[in-house]
2 protein chains.
Amino acid sequence: MEESCSTVETALEILVGKWKPVILYHLFTSGTMRFSELQRALPNITKKMLTSQLRELEYHDIVHRKIYMQIPPKVEYSITEYGLKMGPLLQAMNDWGTSHMQHLNELYGDDRKVQALEAIQD
Amino acid sequence: MEESCSTVETALEILVGKWKPVILYHLFTSGTMRFSELQRALPNITKKMLTSQLRELEYHDIVHRKIYMQIPPKVEYSITEYGLKMGPLLQAMNDWGTSHMQHLNELYGDDRKVQALEAIQD
DNA sequence: AAACCTAGTATCCAAAAAGATACCTTAAGC
DNA sequence: GCTTAAGGTATCTTTTTGGATACTAGGTTT
């Protein structure tokens, strides 16, 4: 009974961290990406953050890490077969998020958008 | 395009905070609850936390706050009509979370369960 | 008149998450 | 023999989150 919230928390656990949704987004849409490609795709992330987030996703078997033994190093990241199964959930969250932003706009006006745009100008 | 992750983040935003999933769980299953009932249901939460989490949910129009002007004060919390619409999403997250815990157990054994049980003994 | 009730605020402090910066490896290119 | 390359790690500082504690209001009970 009480479990119905702890399992929601399990789902959240793997999405939590400022960068995981973006990382997943890129891997889902681009397929396979090198570490440096991800870094370029997420201009403001530090290596430390990117590494730790990828390791957590790897632990959860969402992301696969393929190391090429060569120098300079080459490492490729991709969504695992198991990870692909969470696509629908991400889609559902995305859909809900989209309509919720709409709802907030109806409630409070479009000021939030303005704020978001301002935040981008840095 | 890049929005597909920021809207996932929007969905996360309202779930983030150690207590929001449990609060929602109780309000979804119990219907209407007073502040003090919620406090009893969540034995380890502080008033400050409970208040702030409820205010955030109220801001997002997920939770309704009904004040009775009487002394001692009485305030009832419930899920809004709009909030009910996120039931399916919560259910989807719950389902995914459940099967993911199963998956983790298959990968790493049931040690996590043991740890969780140990954590309860305090 | 003191104590209790509910639903909070206010203030301060600890812990966790995130960020900045510097450093490491080893082979190839100049 | 110095620099560059990629994919990191180590260390330190800042920011964000969460928690502990004390306090408030004003009518009711003892």
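It should be emphasised that the depicted structure is a prediction, and the values quoted were computed from it without experimental measurement.

Definitions and cut-offs
Residues numbered from 1 in each chain as written. Chains lettered and ligands numbered in written order. Predicted model: local features only at pLDDT ≥ 70, side-chain atom pairs only at ≥ 80, totals over all residues. Heavy atoms only, no water. UniProt positions renumbered as here; feature names shortened; annotations may be inferred. Helix = DSSP H or I, 4+ residues; strand = E, 2+ residues; numbered from the N terminus. Near = heavy atom within 4 Å. Polar contact = N/O pair within 3.5 Å; in protein donor to acceptor, adjacent residues only side chain to side chain. Nonpolar A, V, L, I, M, F, W, Y, C, P; charged D, E, K, R; others polar. Phe/Tyr/Trp six-rings, centres within 6.5 Å; stacked < 30°, edge-to-face > 60°. Buried < 20%, exposed > 50% of the residue type's maximum accessible area, 1.4 Å probe, protein only. Patch = residues over 30% accessible without salt bridge, like charges linked within 9 Å, V, L, I, M, F, W, Y side chains within 5 Å. Areas by Shrake-Rupley, 256 points an atom, 1.4 Å probe, with all protein chains shown as cover. Salt bridge = Lys/Arg side-chain N within 4 Å of Asp/Glu carboxyl O. Least-squares fit on C-alpha atoms with pLDDT ≥ 70 in both. Contact = heavy atoms within 4.5 Å. Pairing = 2+ DSSP bridges. Axes fitted to C-alpha atoms, helices over the stretch in contact; angles between N-to-C directions. Buried area = accessible area lost by both parts, 1.4 Å probe.

Asker: Give a description of the UniProt feature "domain: HTH hxlR-type" (unreviewed entry) in chain A that names residues and reports values.
Answerer: In this structure's numbering, the residues bearing the UniProt feature "domain: HTH hxlR-type" (unreviewed entry) are residues 5–105 of chain A. This span, residues 5–105 of chain A, is 64% helix and 15% strand, and a straight line between its end C-alpha atoms measures 29 Å.

Asker: Pulling in residues and values, what's your account of the protein's contact with DNA strand D?
Answerer: With respect to spatial proximity, 20 residues lie near DNA strand D, and among them A:Arg55, A:Arg65, A:Tyr77, B:Lys18 and B:Lys48 are the closest. Within 4 Å of the protein, atoms of DNA strand D come from sugar and phosphate in 63% of cases. Contacts to DNA strand D include A:Pro73, whose backbone N or O atom sits 2.8 Å from a sugar or linking oxygen. Note that a phosphate oxygen of DNA strand D is positioned 3.0 Å from one of the backbone N or O atoms of A:Val75. For the surface near DNA strand D, the secondary structure elements donating two or more residues are helix H3 (35–41), helix H4 (47–59) and strand E3 (74–79) of chain A together with helix H4 (47–59) of chain B. The greatest single-element share of the surface near DNA strand D, amounting to four residues, is contributed by H4(A). When grouped by side-chain class, the residues that make up the surface near DNA strand D number eight nonpolar, four polar and eight charged.

Asker: Which residues make up the packing of aromatic side chains, and what are the values?
Answerer: Taken as a whole, this structure holds two aromatic pairs over all chains when the rule is applied. Summarising the aromatic geometry, the rings of A:Tyr59 and B:Tyr108 are spaced 4.6 Å apart at their centres and angled 5 degrees between planes, so their arrangement reads as stacked. Taken together, the residues span two chains, with A:Tyr59 in helix H4 and B:Tyr108 in helix H6 (residues 87–108). Among the residues examined, A:Tyr59 registers a relative accessible area of 32% and is labelled partly exposed.

Asker: So what's going on with a nonpolar patch on the surface? Residues and values would help.
Answerer: Taken together, A:Tyr59, B:Leu107 and B:Tyr108 make up a surface patch of nonpolar side chains, about 270 Å² in accessible area. A relative accessible area of 37% places B:Tyr108 in the partly exposed class.

Asker: Now, about the relation of the copies chain A and chain B: what can you tell me, with residues and values included?
Answerer: Here chain A sits on chain B after a turn of 180 degrees about the axis and a move of 0.0 Å along it, with an RMSD of 0.1 Å. One copy is carried onto the other by what is essentially a two-fold rotation axis. Residue by residue, 100% of the interface of chain A is reproduced at the interface of chain B, so both copies engage with the same surface.

Asker: Run through the side chain of A:His103, naming residues and quoting values.
Answerer: With respect to the secondary-structure elements, A:His103 resides in helix H6 (residues 87–108). Judged by its relative accessible area of 14%, A:His103 falls in the buried class. In this structure A:His103 touches B:Asp61 and B:Tyr82, once residues within four positions along its chain are discounted.

Asker: Tell me about the sheet that holds E3(A), and name the residues and values.
Answerer: Where strands meet in a sheet, backbone hydrogen bonds hold them as pairs that are either parallel or antiparallel. Residue and element names in this part refer to chain A. If you walk across this open sheet you meet the three strands as E1-E3-E2, and the pairing is antiparallel. Of all strands in the sheet, those with a lone pairing partner are strand E1 (32–34) and strand E2 (63–68), marking the two edges. If you compare each strand with its neighbour and ignore which way they point, the axes differ by 25 degrees on average. Relative to E3, E1 runs antiparallel, the two being bridged by three bridges.

Asker: So what about the protein's contact with DNA strand C? Which residues, and what values?
Answerer: The environment of DNA strand C is formed by 20 residues, the closest being A:Lys18, A:Lys48, B:Arg55, B:Arg65 and B:Tyr77. The protein-proximal atoms of DNA strand C, defined as those within 4 Å of the protein, are 68% sugar or phosphate. At a separation of 2.4 Å, a phosphate oxygen of DNA strand C approaches a polar side-chain atom of B:Arg65. B:Tyr77 is positioned such that a nitrogen or oxygen atom in its side chain is 2.7 Å from a phosphate oxygen of DNA strand C. Within the residue set of the surface near DNA strand C, elements represented by two or more residues are H4 of chain A together with helix H3 (35–41), H4 and strand E3 (74–79) of chain B.

Asker: Account for the pairing of E3(A), naming residues and giving values.
Answerer: Residue and element names in this part refer to chain A. Where burial is concerned, most of E3 is hidden: five out of the six residues are buried. Summarising the sheet, E2 and E3 pair through six bridges and their orientation is antiparallel. Bridge pairing in E3 links isoleucine 67 to valine 75. Hairpin remark: E2 followed by E3, antiparallel, with five residues in the connecting loop.

Asker: Give a description of the interface of chain A and chain B that names residues and reports values.
Answerer: Listed by partner, the interface residues are 43 residues for chain A and 43 residues for chain B. Roughly 3800 Å² of surface becomes buried between chain A and chain B when both sides are summed, with 67% attributable to carbon and sulfur atoms. Per-residue buried area on chain A facing chain B is highest for A:Tyr25, A:Tyr59 and A:Trp96; these three make up 17% of the total on that side. At the boundary of chain A and chain B, one finds zero salt bridges. For the interface between chain A and chain B, the tally reads 10 residue pairs in polar contact (both at pLDDT 80 or more). Of all the secondary structure elements, the ones that give two or more residues to the side of chain A that touches chain B are helix H1 (3–15), helix H2 (20–30), H4 and H6 of chain A.

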